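An overview of the molecular structure
As a plain string of letters, each chain reads:
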2 protein chains.
Amino acid sequence: MTELDATHDGAARSWLAAANAVGDFPLQNLPFSVFRLRASTEAFRGGVAIGDQIVDLAALARSGLLHGSAAQAAAACAQNRLNAFFDLGPAAWRALRQALFALLKDDAPSATQAALGACLLPQAQAEHALPLQIGDYTDFYTSLDHALNIGRLFRPDDPLSPNFHWMPIAYHGRVSSIGVSGQRVRRPLGQWLADGAAEPAFGASRRLDYELELGIYIGSGNAQGEPIALAQAEAHVFGVCLLNDWSARDIQRWESTPLGPFLAKNFATTVSPWIVTMDALAPYRVAWPRAVQAPALLHYLEDADNRHSGALDIQLEVWLDTARQREHGGAAERLSRTSFRHQHWTLAQMVAHHTVGGCNLQGGDLLGSGTISGPGEGEAGALIELTQSGRKPLELGNGERRGFLEDGDAVLLKGWCEKPGFARIGLGECRGQVVAARSAAGG
Amino acid sequence: MTELDATHDGAARSWLAAANAVGDFPLQNLPFSVFRLRASTEAFRGGVAIGDQIVDLAALARSGLLHGSAAQAAAACAQNRLNAFFDLGPAAWRALRQALFALLKDDAPSATQAALGACLLPQAQAEHALPLQIGDYTDFYTSLDHALNIGRLFRPDDPLSPNFHWMPIAYHGRVSSIGVSGQRVRRPLGQWLADGAAEPAFGASRRLDYELELGIYIGSGNAQGEPIALAQAEAHVFGVCLLNDWSARDIQRWESTPLGPFLAKNFATTVSPWIVTMDALAPYRVAWPRAVQAPALLHYLEDADNRHSGALDIQLEVWLDTARQREHGGAAERLSRTSFRHQHWTLAQMVAHHTVGGCNLQGGDLLGSGTISGPGEGEAGALIELTQSGRKPLELGNGERRGFLEDGDAVLLKGWCEKPGFARIGLGECRGQVVAARSAAGG
């Protein structure tokens, strides 16, 4: 687990004034993305967010401001994906963080500030791409409250699968349809079986939903057949982003027996552009909710004293921005708020379980946390839970109602950490907008 | 659907005598792989099998023997993966097939034969790698007999999922652990719940199995949100290989609720090195077994007159080669034999279903057919079916018994097509060997 160091000092300030205002990207955060000038034909390259600016890592690598492994790390970020940077490993990731912190801190020499200033682009002028060539995408199911909420809807007598307390359940997802924030998501066509119907119907999904998740990027992997032990698991994680696992509930229910979700999920997944590093998240750890775990975990998942992992207190919100709200200048509306700290399984346990059978992870792999729902009212991370499977639609402030998503709806995920004595650091935003289905008559 | 042409002429002969003997790789086959000289540090590059030789496509591209789109296609094959070749599309694939056929046919000029002879490497001296950078791997479940066999074991009153007749069921698989024939597969560690037990056990899987499948390589994909219609679906397929979907049945049963198989499958998948093209398979089409389909399919899967697809009569066998057989010079033993023609869903239906919700396929994606089991005795494609979930072990000729696989067992898949008036063409072999688990005490 990362030790706290000078880069976590809540009192540290940047010479860039915008980085000292309340926002997602103070000096203590320094998340990574790939970006270019919006609507340009420039090559995408790695960048680090600071205040309302992006440090262009390709420009920084050329600037001569960096030396040693930090310089090597910045040079690896000059490509359109961060895989080569990930391949350098934790020491290089940390060296670049430390160097950027020093360059951006208010006591940096004025010549340094001027040289670094030449490497900045305003975030408002940038567009992003997927930060990694993702080899495999695995979606977990680690929220006890989500599992119970869903279970109570469909299996009220036996809501929780008996394996839930014994392993972080997961399944493989689709890589090709993962897009970055701003993605336009076409409502999927598919089959479903209406209640009481003898034969399935075909058409545009009528029960389109979002799922609030964290995305977890694997920084470095393992050889096939060689599991990663819990004690080492977190060192294999580079950082996290926001992730919306769009889900068609009608398609999902009909297709998922016996092998799990397929078309209900694989039409789109949206991630936020910025990856907040495990180093930046270190101050916001809290004890893992051990009390609700099974009485005796299998040894490869056991972390009784939180030495190897622990939970992360990441505040999370889901906002809905409807077409009518946009047309009439209305504000987006918050649908839920919770924290990642409630998850039943930790990042380290997810990595240890994923590899225990010998499956090889690779740098750039993406794990989804599964829907994040907290224990309280208004803490559910999907409409199916908030609306009791559509039976109790949400009433929006402008009079609209939502059982599930409608065309034109944009879903916005937000996340941040805050703690007395430390900076507030944010994950930025993950936005995706539903567009109408193709005609079901074609094809 | 591919029209038959001169390259399918069963009477055609090659100037390479070995190509005219009974074997997998006559002039009419011309399958693709990537290869290099065994145990060398050469770069892998594309090759085409002919008789007992490989045509080195990088050497052929330099030879000056090809022109136009065939030359362009061979040049694209000079890389260590065939993705750039796939990206050229069906016209280029076909041009290279036609050109290779002409160069290898017995009426090729002697100067051509000499020049091409300089591009050959004996298969016995070659080693292979995965032929594609696989973006996503999807495993289907398209055998009615397999679904019934499995269903009767675990749900005797209701063996078949009600959606089976309405869609080709599928789930996403793991790309990183796919290996090429010759793969050594470490027995996975994992959890399972023994019958009657209150808590799961942890250790090396005791119910390790193989699954006989075809692998189907997507040649060209579709844009996200734009389904591929059934009429166009097969034009997106490049060809097929043999695929062993190794499965740990004890782990699978305990983990698969509610989201499907995960660690039970993701520790390894083995494919054969050679990809037999859809062009080469054209003569071996048979009518799709429409009679057993649901009475009225949804329109996007409907192909009543087999215009757009049809079944493929590919003969398939599974052989077991145990450590004791090898030590005592005993022969490998055939465990089952069937044909791909019994599958309930066609390749075109698999592609149309996969994309109907908007999921984007990409060139180089791999689809698994799902376990291929035929209707008769000895036609099941997995031990769990052949042994009634281990209750009726197979008796091998040397006195060994097998409920499931033991350490040292090698599983060999073979496949070929034959039909009066046409050549016999084969898929080569897919071999994988089980090695002992890591100690369960570690990690």
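All values derive from a computational prediction rather than experimental measurement.

1. Let's talk about the pairing of strand 13 (residues 212–218) of chain A
On any regular strand, side chains alternate: one points to one face of the sheet, the next to the other face. Residues and elements named next belong to chain A. Across the seven residues of strand 13, seven count as buried, placing the element largely inside the fold. Alternating positions in strand 13 separate into two faces, L212, L214, I216 and I218 on one and E213, G215 and Y217 on the other, with burial throughout. Sheet topology note: the strand 13/strand 14 (residues 237–244) ladder contains seven bridges and is antiparallel. The partner of L214 across the bridge, within strand 14, is L242. Looking at chain direction, strand 13 and strand 22 (residues 366–368) are connected through three bridges and run antiparallel. For Y217, the partnering residue across the bridge sits in strand 22 and is L366.

2. Details of the environment of P188(B)
Summarising the element assignment, P188(B) is placed in the loop between strand 9 (183–186) and strand 10 (189–192). P188(B) sits 79 residues away from F267(B) along the chain, and the two C-alpha atoms are 6.8 Å apart. When sequence neighbours within four positions are dropped, the list of residues in contact with P188(B) reads G357(A), G203(B), A204(B), S205(B), L208(B), A248(B), I251(B) and F267(B).

3. With respect to unusual backbone geometry
Residues and elements named next belong to chain A. Cis peptide bonds are those with omega within 30 degrees of zero, and the linkage from T257 to P258 qualifies with 5°. Of note, P258 is situated in the loop between helix 8 (249–255) and strand 16 (269–271). Of note, the phi angle at L30 is positive, near 55°, even though the residue is not glycine. When you line up the elements, L30 lands in the segment before strand 1 (32–37).

4. Quick notes on the relation of the copies chain A and chain B
Rotating chain A by 180° about the axis while translating it 0.0 Å along that axis superimposes it on chain B, leaving an RMSD of 0.0 Å. As the rotation angle and translation indicate, the two copies are arranged about a two-fold axis. Residue G260(A) of chain A places its C-alpha closer to the rotation axis than any other residue of that unit, at 2.2 Å. Of the interface residues in chain A, 100% have counterparts in chain B that sit at the interface too, so the contact is made through matching surfaces.

5. Considerations on the packing of aromatic side chains
In this structure the tally under the stated criterion is 24 aromatic pairs over all chains. On the basis of an interplanar angle of 80° and a centroid distance of 5.7 Å, the ring pair of F85(A) and F238(A) is categorised as edge-to-face. Of this pair, F85(A) sits in helix 3 (residues 83–88) while F238(A) sits in strand 14; the two residues are 153 residues apart in sequence, bridging distant segments of the chain. The same class applies to F85(A) as to F238(A), namely buried. On the numbers, 6.1 Å between centres and 75° between planes, the contact of F262(A) with F140(B) is edge-to-face. With F262(A) in the loop between helix 8 and strand 16 and F140(B) in strand 6 (residues 137–141), this residue pair bridges two chains.

Conventions adopted
- Residues numbered from 1 in each chain as written.
- Chains lettered and ligands numbered in written order.
- Predicted model: local features only at pLDDT ≥ 70, side-chain atom pairs only at ≥ 80, totals over all residues.
- Heavy atoms only, no water.
- Buried < 20%, exposed > 50% of the residue type's maximum accessible area, 1.4 Å probe, protein only.
- Helix = DSSP H or I, 4+ residues; strand = E, 2+ residues; numbered from the N terminus.
- Pairing = 2+ DSSP bridges.
- Contact = heavy atoms within 4.5 Å.
- Least-squares fit on C-alpha atoms with pLDDT ≥ 70 in both.
- Phe/Tyr/Trp six-rings, centres within 6.5 Å; stacked < 30°, edge-to-face > 60°.

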